[in-house]
Amino acid sequence: MTVPHADDARVVVYSREGCHLCEAAEQVVSQIVAETGDSWARVDIDADPDLQQRFTDQVPVTFVDGRQHDFWRVDPARLRSALA
């Protein structure tokens, strides 16, 4: 399933302000893409009513290449594998 708002980033983290799981996921994603040279973006679901309705209970939600990869937590090894 492809989600809009993914821009040109290879990895997209759908998150919200004040979410400790989101902060942890963004940190892992940032570290992994720094190693792989890929790009990533953060999308605040609360800025878009459709995204808020879709992901409200699952944030953070991580997409790789436009497809859902994980939610709640990011496994570094799994993300590295998806980007390989």
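Residues numbered from 1 in each chain as written. Predicted model: local features only at pLDDT ≥ 70, side-chain atom pairs only at ≥ 80, totals over all residues. Heavy atoms only, no water.

Asks: Any details on the state of the cysteines? Residues and values, ideally.
Replies: With the rule as written, the count across this model stands at one disulfide. Here Cys 19 connects covalently by a disulfide to Cys 22, the sulfurs 2.5 Å from one another. Between Cys 19 and Cys 22 the disulfide shows an S-S torsion of about 75°. By sign, it is right-handed. Residue Cys 19 is classed as buried on the basis of its relative accessible area, which comes to 11%. (Disulfide = S-S within 2.5 Å. Buried < 20%, exposed > 50% of the residue type's maximum accessible area, 1.4 Å probe, protein only.)

Asks: Lay out the sheet that holds strand 1 (residues 11–15) with the relevant residues and their values.
Replies: Within a sheet, each strand pairs with its neighbour through backbone hydrogen bonds, oriented either parallel or antiparallel. Ordered in space as 2-1-3-4, the four strands form an open sheet in which the pairing is mixed. On the outer flanks of this sheet lie strand 2 (40–44) and strand 4 (67–71), each paired with one strand and no other. When strand polarity is set aside, the average angle formed by the axes of neighbouring strands in this sheet is 25°. Sheet analysis places strand 3 (residues 61–64) next to strand 4, joined by four bridges and oriented antiparallel. Across the sheet, residue Phe 63 finds its bridge partner in strand 4, namely Gln 68. This element, helix 1 (residues 20–36), spans strand 1, strand 2 and strand 3 of the sheet and lies at about 170° to strand 1. Along the sheet face, helix 3 (residues 76–83) touches strand 1, strand 3 and strand 4 and points at about 170° away from the line of strand 4. (Pairing = 2+ DSSP bridges. Helix = DSSP H or I, 4+ residues; strand = E, 2+ residues; numbered from the N terminus. Axes fitted to C-alpha atoms, helices over the stretch in contact; angles between N-to-C directions. Contact = heavy atoms within 4.5 Å.)

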